Amino acid sequence: MTHKSIKIIRTIKELREAVTSWRKEGQTIGLIPTMGALHHGHLSLVKEIKQHTSRTIASIFVNKKQFGPNEDFDLYPRTEEEDIKKLQSAGCDLLYAPSMDEIYPTDFSSTVSVAKLTEGLCAADREHFFDGITTVVTKLLLQALPDAAIFGEKDYQQLAVIKHLVKDLDIPTKIIGAKLIRDKDGLASSSRNRYLSTGERVTAIKLHKILNKIVQKCEEEDSPDLDQILINAKQELLSEGFDDVKYLEIRDAETLETITKIDHPARVITAAVVGKTRLLDNMAIIPHKGLVNKRST
Ligand code: PAF
């Protein structure tokens, strides 16, 4: 199928003009915020949001504020030409690729911050990470004012934080969570997978296998000892060649609170390091039928 050319814009003014003219035609707008280096996971987001809105905008902005001083901001892959081709063939209508100055002019001095859900997990060793994300996502949502915006479940905590942010700040955008997409070998699709050497990738694919085992144990055992299961799994990851396990936890799937038994839908969530690459993954844990407690809140 051939698609009409994707329009590329770089300023907030052009973005607002495009959105206003679509609104006049009665179109609905869907936003796919990304940092580029697009892979099939991103393209599945384009496909999915097209089922909700009649026009789609992908944004590409490598958001400096969510990288720590020793992280890979400078090295983060920037592949705009390839990204444009991919978005075009996925049928995306518009690419918004603002410059650093457009998003953060020199006198920029505001931060959007969400409490509680941003404690622990991905924030444990990355102090400003979520403030960087919530600030840029708020800006992108206010700039485009889309009817819907879509985020992948690979960044499970990010998705929960953004849902909460939109509710707290009364931003009139529906946040859609899209299921985690895996590469053929089972590794969760990520722009950072391209950093992995062949040998590192062999190690990396063990992550989803070990998570699967955790899920099986939690779902099959009558009263699984979650702490012990996680200690054993962490040990297994290290002995399989992972260089570090930043966190490996089982949390309530909705509130992200730490739990000691599986009586609500739960999520095993991890960030583990192979070589210099930090890999995220997570899986759903479904409680035994007999154990399901009705949530009182
Ligand atoms: O998930 C990402 O790619 C980024 O965190 C996001 C949501 C585009 C904000 O920079």
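Scroll up to find the structure.
Residues numbered from 1 in each chain as written. Predicted model: local features only at pLDDT ≥ 70, side-chain atom pairs only at ≥ 80, totals over all residues. Heavy atoms only, no water.

Considerations on the overall build of the protein chain
Our working rule: Strands are runs of DSSP state E lasting at least two residues, helices are runs of H or I lasting at least four, and both sets are numbered from the N terminus onward. Three exposure classes are used, based on accessible area relative to the maximum for each residue type with a 1.4 Å probe and protein chains only: buried under 20%, partly exposed in between, and exposed over 50%. In what follows, residue pairs with any heavy atoms lying within 4.5 Å of each other are defined as contacts. Accessible areas in this description were obtained via Shrake-Rupley with a 1.4 Å probe; residue shielding takes into account the shown protein chains only. Neither His nor the chain ends contribute to the count of charged residues, in which Lys and Arg are positive and Asp and Glu negative. By convention, the point assigned to a charge is CZ for Arg, NZ for Lys, CD for Glu and CG for Asp.
Assigned secondary structure in the protein chain consists of nine helices and nine strands. Taken along its principal axes, the extent of the C-alpha atoms in the protein chain is 60 × 45 × 45 Å. Scored against the burial criterion, the 297 residues of the protein chain give a buried share of 51%. Restricting to contacts in the protein chain with at least 6 residues of sequence separation, those with at least 24 account for 73%. For the protein chain, the computed accessible surface area is about 15,200 Å², with 51% contributed by carbon and sulfur atoms. Both charge centroids of the protein chain, one from 42 positive and one from 43 negative side chains, sit 5 Å from each other.

Some words on the sheet that holds strand β3 (residues 55-60)
The condition is simple: Two strands are counted as paired when DSSP detects at least two bridges linking them. Here, axes are lines fitted to C-alpha atoms. For helices the fit covers the stretch in contact, and angles between N-to-C directions go from 0 to 180 degrees.
Here six strands make up an open sheet; going across it, the order is β1-β4-β3-β2-β5-β6 and the pairing parallel. Single-partner strands in this sheet number two, and they are β1 (7-9) and β6 (174-178). Neighbour-to-neighbour, the strand axes of the sheet open up by a mean angle of 25 degrees, direction not taken into account. The strands that helix α2 (residues 40-49) touches are β2 (29-34), β3, β5 (148-152) and β6; relative to β5, the one it contacts most, it runs at about 150 degrees.

Section: the state of the cysteines
Stated formally: Put simply, a disulfide is two cysteine sulfurs that come within 2.5 Å.
Summed over all chains, the structure comprises zero disulfides. Sulfur of Cys218: no disulfide; nearest cysteine sulfur belongs to Cys122 and is 20 Å away. Taking the relative accessible area as the measure of exposure, Cys218 reaches 3% and is therefore buried.

Quick notes on the sheet that holds strand β8 (residues 266-274)
One open sheet holds the three strands; their spatial order is β7-β8-β9, and the pairing between them is antiparallel. Looking at strand neighbours, the two that pair on one side only are β7 (244-252) and β9 (277-285), the edges of this open sheet. Pairwise comparison of adjacent strand axes, ignoring direction, gives a mean angle of 10 degrees for this sheet. For β7 and β8, the ladder comprises eight bridges, and the chain directions are antiparallel. Counted as the bridge partner of Glu249 is Ile269 from β8. With respect to the sheet, helix α8 (residues 206-220) is in contact with β7, β8 and β9, its orientation differing from that of β9 by roughly 25 degrees.

As for the packing of aromatic side chains
For the record, the criterion: Classification of ring pairs rests on two measures: the distance between centres of Phe, Tyr or Trp rings, Trp counted by its six-membered ring, which must be within 6.5 Å, and the angle between planes, read as stacked under 30 degrees, edge-to-face over 60 and tilted in between. To sit over a ring, a charge needs its Lys NZ or Arg CZ within 6 Å of the ring centre and within 35 degrees of the ring normal.
For the structure shown, the criterion picks out five aromatic pairs. Note on Tyr104 and Phe108: the rings are 5.1 Å apart at their centroids and 65 degrees apart in plane angle, and the pair reads as edge-to-face. With relative accessibility at 10%, the residue Tyr104 sits in the buried group. Looking at Phe108, the relative accessible area reads 23%, which means it is partly exposed. Put simply, the rings of Phe61, Tyr104 and Phe108 touch in pairs and so form one group of aromatic residues. Directly above the ring of Phe73 sits Arg78, whose terminal nitrogen or CZ lies 4.7 Å from the centroid.

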